[in-house]
2 protein chains.
Amino acid sequence: MSADHSNVDSVSPQSVTDRVRSYFDPATVGSLAVRLGELLQNHFEKLSRREGPVLNWNLPESNIAAAVESLKSERGDDVPQRFEQLVQLAFSKGHNLHHPRYVGHQVPASVPAAGLFDAVASVTNQVMAIYEMGPWATAVERALVNMWATQIGLKPGTFAGFVTNGGSLANLTALLTARNVVLGDVWESGFGAGRPQPVLVVQSDAHYCVARSAGILGIGTENIRRVPLDERRRMDVGALREILEELKQSQTPVVAVVAAACATPIGAFDPLDEIADVCEEFGVWMHVDAAHGGATAFSDQHRHLISGLERADSFICDAHKTLFVPALCAFVFYRNREHRFETFRQEASYLFDPSAPGMAEYDGGLLTIECTKHAATYGMWGITALYGKELFGDLIDHTFALTRRLYQLLSEADDFVTLHEPQCNIQVFRYQPAAVANWSAEQVGNLNRQIRRTIIESGEFYLVQTTDANGAGALRVCLMNPMTEEGDLRHLLDHIRKVGTSLINNASM
Amino acid sequence: MSADHSNVDSVSPQSVTDRVRSYFDPATVGSLAVRLGELLQNHFEKLSRREGPVLNWNLPESNIAAAVESLKSERGDDVPQRFEQLVQLAFSKGHNLHHPRYVGHQVPASVPAAGLFDAVASVTNQVMAIYEMGPWATAVERALVNMWATQIGLKPGTFAGFVTNGGSLANLTALLTARNVVLGDVWESGFGAGRPQPVLVVQSDAHYCVARSAGILGIGTENIRRVPLDERRRMDVGALREILEELKQSQTPVVAVVAAACATPIGAFDPLDEIADVCEEFGVWMHVDAAHGGATAFSDQHRHLISGLERADSFICDAHKTLFVPALCAFVFYRNREHRFETFRQEASYLFDPSAPGMAEYDGGLLTIECTKHAATYGMWGITALYGKELFGDLIDHTFALTRRLYQLLSEADDFVTLHEPQCNIQVFRYQPAAVANWSAEQVGNLNRQIRRTIIESGEFYLVQTTDANGAGALRVCLMNPMTEEGDLRHLLDHIRKVGTSLINNASM
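Only a predicted model underlies this, so the values are computations on that prediction, with no experimental measurement involved.

Chemist: Explain the overall build of chain A to me, please; I cannot follow it from the model alone.
Modeler: Counting its regular elements, chain A contains 17 helices and 13 strands. Relative to the compact-globule value of 23 Å for 509 residues, chain A shows a C-alpha radius of gyration of 26 Å, a close match. Seen through its C-alpha atoms, chain A measures out along the principal axes to roughly 80 × 65 × 45 Å. Classification of the 509 residues of chain A by burial places 68% in the buried group. When the accessible area of chain A is evaluated, it comes to approximately 15900 Å², of which 47% is carbon and sulfur surface. Positive and negative side-chain charges of chain A, numbering 42 and 59 respectively, have mean locations separated by a distance of 3 Å.

Chemist: I tried to follow the sheet that holds strand β3 (residues 199-203) of chain A on my own but got confused; where do I start?
Modeler: To summarise the sheet geometry, strands pair through backbone hydrogen bonds and adopt either a parallel or an antiparallel arrangement. Residue and element names in this part refer to chain A. Here 7 strands make up an open sheet; going across it, the order is β2-β8-β7-β6-β5-β3-β4 and the pairing mixed. Of all strands in the sheet, those bounded by a partner on one side alone are β2 (160-164) and β4 (224-227). Taking the axes of each pair of neighbouring strands and ignoring which way they run, one obtains an average angle of 20° across the sheet. Two strands pair when backbone bridges link them, and strand β6 (residues 286-289) and strand β7 (residues 314-318) are joined in this way by 3 bridges, in the parallel orientation. Residue pairing in the sheet places Asp-289 in a bridge with Ile-316 of β7.

Chemist: Any chance you could explain the sheet that holds strand β13 (residues 473-478) of chain B here in plain terms?
Modeler: Residues and elements named next belong to chain B. Across the sheet, which stays open at both edges, the 4 strands sit in the order β10-β11-β13-β12 with antiparallel pairing between neighbours. Of all strands in the sheet, those bounded by a partner on one side alone are β10 (416-418) and β12 (464-467). Neighbour-to-neighbour, the strand axes of the sheet open up by a mean angle of 40°, direction not taken into account. With 3 bridges connecting them, β10 and strand β11 (residues 426-431) associate as antiparallel partners. In the sheet register, Val-417 faces β11, and the bridge partner there is Arg-430. Contacts from helix α16 (residues 441-458) reach β11, β12 and β13 within the one sheet, and its direction differs from that of β11 by about 110°.

Chemist: Which parts of the structure should I look at to understand the interface of chain A and chain B?
Modeler: One widely used convention gives an interface's size as the accessible area the parts lose upon coming together. Residue-level contacts link 188 residues of chain A with 188 residues of chain B. Counting across the interface, chain A meets chain B through 8 salt bridges. Between Glu-132 of chain B and Arg-452 of chain A there is a salt bridge; the shortest N-O distance is 2.8 Å. Summed over the shared surface of chain A and chain B, the result is 46 residue pairs in polar contact (both at pLDDT 80 or more). If one sorts the elements of the side of chain A that touches chain B by residue count, helix α3 (residues 26-48) of chain A sits on top with 17 residues. In the side of chain A that touches chain B, the residues fall into 98 nonpolar, 56 polar and 34 charged.

Chemist: For this particular structure, what's the right way to read the packing of helix α6 (residues 112-123) of chain A against helix α5 (residues 79-93) of chain B?
Modeler: In the contact formed by α6 of chain A and α5 of chain B, the axes pass within 11 Å of each other and the chain directions differ by 25°. Taken together, the axes of α6 of chain A and α5 of chain B lie roughly parallel to each other. Pair α6 of chain A / α5 of chain B crosses with right-handed handedness. Residues Leu-116, Phe-117 and Val-120 of chain A of α6 of chain A touch α5 of chain B, and the partners they reach there are Phe-83, Leu-86, Val-87, Ala-90 and Phe-91 of chain B.

What counts and how
- Residues numbered from 1 in each chain as written.
- Chains lettered and ligands numbered in written order.
- Predicted model: local features only at pLDDT ≥ 70, side-chain atom pairs only at ≥ 80, totals over all residues.
- Heavy atoms only, no water.
- Helix = DSSP H or I, 4+ residues; strand = E, 2+ residues; numbered from the N terminus.
- Rg over C-alpha atoms; globule rule 2.2 N^0.38 Å.
- Buried < 20%, exposed > 50% of the residue type's maximum accessible area, 1.4 Å probe, protein only.
- Areas by Shrake-Rupley, 256 points an atom, 1.4 Å probe, with all protein chains shown as cover.
- Lys, Arg positive; Asp, Glu negative; His and termini not counted.
- Charge placed at Lys NZ, Arg CZ, Asp CG, Glu CD.
- Pairing = 2+ DSSP bridges.
- Axes fitted to C-alpha atoms, helices over the stretch in contact; angles between N-to-C directions.
- Contact = heavy atoms within 4.5 Å.
- Salt bridge = Lys/Arg side-chain N within 4 Å of Asp/Glu carboxyl O.
- Polar contact = N/O pair within 3.5 Å; in protein donor to acceptor, adjacent residues only side chain to side chain.
- Nonpolar A, V, L, I, M, F, W, Y, C, P; charged D, E, K, R; others polar.
- Parallel < 35°, antiparallel > 145°, perpendicular 65-115°, else oblique.
- Left-handed = near helix turned anticlockwise from the far one by under 90°.

Listed below in structure tokens is the structure:
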């Protein structure tokens, strides 16, 4: 059927209709999209030459003022020109994770093609909730859930899994499921019915979202039992056994034991097989936050780190960390597929179709806190299909090896101290030259914090910080950027020396 | 500094390093991005000509098999060619929300340029959590929070707001805040301390995520009090007053009263000003799910629908609904900015910087369930800056007027029945010709469900369904697509007649 413009004009005033059409004009979309491609290429080429800062540092008030100013568009502005200005503005104000000297948080320099596949989903607004709204998004997600789960060692047909917006939401959803399975009718009747106070048993270095989950789910953050760590900051399995024994004696319900693979401070992997043995013995739900480490399943060299993960009742893995896809794309897995419908127990008649009950198995909204969910797996799907899943093993092996090299460089230097031997791509260390031999641990920690702040605001590098078990500051590098080369790491150490020496001299004056 | 390839080669075997470089090659990124632009233009042009189906319908098993097959890439495949094949595959299997005959869920045909700005964020992996990780993403979000809040009538400097992944998560977060404010130390000590059972008072047509929130937060889904509706399916304020009076008498804690602007079944807007009066009188937290209706603040013609929204203690608005940006981009607002830090009460030392405490005001992770969050507002920022915020009023006015026209067409026809007069862009109706005069309401409802299924699987149109207050099925159209023209609506009614007649004839045989 041809467009019937005369009819539409009767619906709204001419000017509104014309403007609305212009926002959706296919030729404009096309020319902007092509121009964006050119701008992205220029941007990535510039970064690959190490031009410009890593982080474009500006104070929040200054950036907010600029953002407010940028919103003041004039009608009649030249759209393609304005588009280009705005894209350049975003580049000039954003963070350059693809700069080889970005060695910061557990957020990767993502594989650029993954972002392009995500763009297919964004521009055409592919979503999920019920199968019919996102048939391909649902299929792609299911295929990737199966791929990753079997790579980890789960048996086809026995497990369930889905994707949600981030590791914190993933942990919350899995722990909600555990709560409902363990505590029975708490979903319906709530906590206020005089039931015994349950606890959550967690790795002492667990990500803060685990404690938040206890607060959200009505367990209470004070009802967390933290399992002490061994000398490598891994969960102490002997201590776990003692805690579970004590809780058993006092008949305290245990919602779950939460292990880490790995914990964020130094990237320590808990001994999952041993923890699984203890959880089985006590009949307790085992959950693993494998946000960072789950990807090692794709590496022949490193998958031993997560041995036992397949025995957990639930676990989560972030594709937007060590699978190098853009945020957010977090996977939740249940070993026993029967648990997938324990999270929630409702339906919305307008949404879940009583005339097509067979579709419920494919209605993702039954599994996730999100109702409408964007097609978060287009990026991971696209690069798996483009390069093969061996891509992920390459990226793991490459960045883990580079971290090992950094560890060697630090160990060889007499003015640096490492806080651990790296198990993955996280390395924590301090600049601690002879000049500060008499400083307290706290003073040395503060020096390192100052070094970091000076460096990140200069844009020369981006790295992060952490504290040791006693609260003293330390530098933290996470090598999630395959463009980083050994030369960059050597330059990083030299630059830290330079900034550190200057700060020490100023402090002494 | 120039790249130091010889050093990197000592880190990993040659082949891995070479492959890793190829995944990030700027020239490849650029050529793929430009090609994507061309493919998107072709795709949108095809849709604008109404070519091809709206929904590419395939059974789940078939789509999953195709997805699994697509993952089998061969190393050495021609990357640009393979990329194009995969993008075309996604187009051919996905849902075409930009087809003028998509008149379905409350998920819009998004403004394409918004998707392109989102692509800037995806390809360069812009994220937030702490300010320094997403300085521009944080600034843009803050500017948009302020713009929308003031448009709704909140006073600058008095409120707080942020963006999260979807309306369900937004409602959950706001209700978590309400719970913590109302119940005191439940965050820390949990529910198990013998406190009285609290309730949540909700609009009877509230979205299912509200009941889920009660289940998640430990209140319990059975402890929801549903306020009856008036004849227009709006919250009955007299009934609300009676319920609150009764709860006051029994000293039952009320976490919140949850109103809707609008509720999803027929798009009914609650009388917010009257509800605010009652909530103030009883000193109860008022929350409004304005996921769909919050955008009317940008329309001079329609903002009266949400009068009183600015008096709620908390409310949520989805930009990915009636602001026509791609999913997910949901806003949470607190009238009293002091409430923003009541949601959670923790910090992660490696994340939130004790050496820069002033930054906490700009660390979004303190406000959201997400830790790492993608830069979800790039799309909304970009189109606001490109076209001016008047864009949103245009889109609202245009689609609401089109819905009014549909209502007229349905009212003029003697074989259709409308279930309500539209307040926004949602219209529920039934095909009910003389031939079914003797059928029961349930039979007519089922006929309409069958009509819908036949139509959506044919790809001719995509529309949804709902049930009336008695559970009988009905057709539901949501005009979230500015490409839809009156001619499409006339064709929709004719097509329903054709499919319906055929189904009736088959049923009679």
